[in-house]
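Chain by chain, the residues:
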There are 2 protein chains.
Amino acid sequence: MPKGTHAAKEEAATRRTLEDVRGPLRAFVKAKGLHESKIRDLIVETFLSSQEHLGLDQLLERVRAKNPGVGMATVYRTMRLLEEAGLVQTRNFNAGPTLYEMVLGRPHHDHLICTRCGLIVEFVSEPIERLQEKVAEQHGFQLMRHRHEMFGLCADCRRSGA
Amino acid sequence: MPKGTHAAKEEAATRRTLEDVRGPLRAFVKAKGLHESKIRDLIVETFLSSQEHLGLDQLLERVRAKNPGVGMATVYRTMRLLEEAGLVQTRNFNAGPTLYEMVLGRPHHDHLICTRCGLIVEFVSEPIERLQEKVAEQHGFQLMRHRHEMFGLCADCRRSGA
DNA sequence: TTAGTTGCAAATATTTTGCACCCTT
DNA sequence: AAGGGTGCAAAATATTTGCAACTAA
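Predicted, not measured: the structure shown is a model, and the values here were computed from it. (Residues numbered from 1 in each chain as written. Chains lettered and ligands numbered in written order. Predicted model: local features only at pLDDT ≥ 70, side-chain atom pairs only at ≥ 80, totals over all residues. Heavy atoms only, no water.)

1. Thoughts on helix 2 (residues 18–31) of chain A
Along an α-helix, residues three or four positions apart point the same way, because every turn accommodates 3.6 residues. Residue and element names in this part refer to chain A. With 14 residues, helix 2 extends 19 Å from end C-alpha to end C-alpha; this agrees with the ideal 20 Å at 1.5 Å per step. Turning to helix 2, its buried residues number three or more, namely Leu18, Val21, Leu25, Phe28 and Val29. Turning to helix 2, the residues buried within the fold contact helix 3 (38–48), helix 5 (72–84) and strand 3 (99–102). Just beyond helix 2, the residue with positive phi is Gly33, at close to 70°. (Helix = DSSP H or I, 4+ residues; strand = E, 2+ residues; numbered from the N terminus. Expected span 1.5 Å × (residues − 1). Buried < 20%, exposed > 50% of the residue type's maximum accessible area, 1.4 Å probe, protein only. Contact = heavy atoms within 4.5 Å.)

So this is what it looks like as structure tokens:
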């Protein structure tokens, strides 16, 4: 699959702005005794204005369009901070770079991924969620998180003959 | 989690021998016009006699105990061949090295992973499998494969206070 | 001023590839 | 003989870290 193919085809999701994130992020930063910074805000803002499931190489590219001096390490450090703060989560659908997804104020969901065009569709299935708990219980596990990814051909790709 | 911790704790699974694998592997090798080799057999045999969900660094270590001259590249090449032949599958539970799992003659299953001790438990839930199909259908997807991983604390780790 | 933040380069970690030489067919 | 298999080193990919200079508190 060509790099970045999925970007344009991805389904729209509710978008949060820097304002939505600023509160929780500030609280986390303060609690850890860290400082605030303009570059961090720029990275967060750029991430929020991009499509979901973004790789950090693409994010850096977008950040540099506004401030060419920003380094890759800072992007990694910033996203790791957001992850520690529980505002974003990482996804690894295929091999290759880890993708980041905003989770603040969004309900849990899992993913359907088209192996041909890269389309990513989010889904929630309450029955599956409940059955998971049951399975975990049967094995004595206390469930903390899960990852449920289904790969196949999306409707468009099925039509256009894969 | 300490490297390799999960190895000893992993649940036993039906073990296949080189004899089980030799037939399908030979057929695949012949169909692709490849040659056979002793080192390949040694790697396959060593993989089969190890626990499930093995990383290639650990596999190389075990292979070198029998033949110190073997190189890492050959281990990668051999396991990639097995994967192309549909005999093994890769798993990526956490970050870090990809783990390999034999699938020949084994029914599909998913995984429960203990985030504290690394225990890996395999499970199958027919109801979940069926619901997955339904979800895929609702979104117009033709499902080809899926990955369902649940992370939490196993019974032992819950008892010993995590 | 104290301590976190940043860019850059170097280091890690994982996996792949080029190439000369060896082994199968 | 022809062509795949192997080890080694180098490359490629993804991510992290050391460090000196910069900036927030």
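2. Observations concerning the packing of aromatic side chains
Summed over all chains, the structure comprises zero aromatic pairs over all chains. It is A:Arg145 that lies over the ring of B:Phe151; its NZ or CZ is 4.0 Å from the centre. (Phe/Tyr/Trp six-rings, centres within 6.5 Å; stacked < 30°, edge-to-face > 60°. Lys NZ or Arg CZ within 6 Å of the ring centre and 35° of its normal.)

3. Let's talk about the domain arrangement of chain A
When the domains of chain A are assigned, the result is domain 1 (5–102) and domain 2 (110–160). For domain 1 of chain A and domain 2 of chain A, the distance between their C-alpha centroids amounts to 24 Å. (Domains from an automatic or database assignment.)

4. Some thoughts on the relation of the copies chain A and chain B
Aligned on chain B, chain A shows an RMSD of 0.1 Å; the corresponding rotation is 180° and the shift along the axis is 0.0 Å. Such values leave the two copies arranged in the relation of a two-fold axis. Taking the C-alpha atom as reference, chain A places A:His148 closest to the rotation axis, 2.2 Å from it. Most of the interface of chain A is mirrored in chain B, where 100% of its interface residues again form contacts. (Least-squares fit on C-alpha atoms with pLDDT ≥ 70 in both.)

5. Some details on the protein's contact with DNA strand D
Taken together, 22 residues surround DNA strand D, and among them A:Tyr76, A:Thr98, B:Ser37, B:Val70 and B:Thr74 come closest. Taken together, the sugar and phosphate atoms account for 75% of what DNA strand D places within 4 Å of the protein. Between DNA strand D and B:Arg40 there is a distance of 3.1 Å, counted from a phosphate oxygen to a side-chain nitrogen or oxygen. Taking B:Gly71, its main chain carries an N or O atom lying 3.1 Å from a phosphate oxygen of DNA strand D. Within the residue set of the surface near DNA strand D, elements represented by two or more residues are helix 5 of chain A together with helix 3 (38–48) and helix 5 (72–84) of chain B. When residues in the surface near DNA strand D are grouped by element, the largest group, four residues, is from helix 5 of chain A. Residues belonging to the surface near DNA strand D are distributed by class as follows: seven nonpolar, nine polar and six charged. (Near = heavy atom within 4 Å. Polar contact = N/O pair within 3.5 Å; in protein donor to acceptor, adjacent residues only side chain to side chain. Nonpolar A, V, L, I, M, F, W, Y, C, P; charged D, E, K, R; others polar.)

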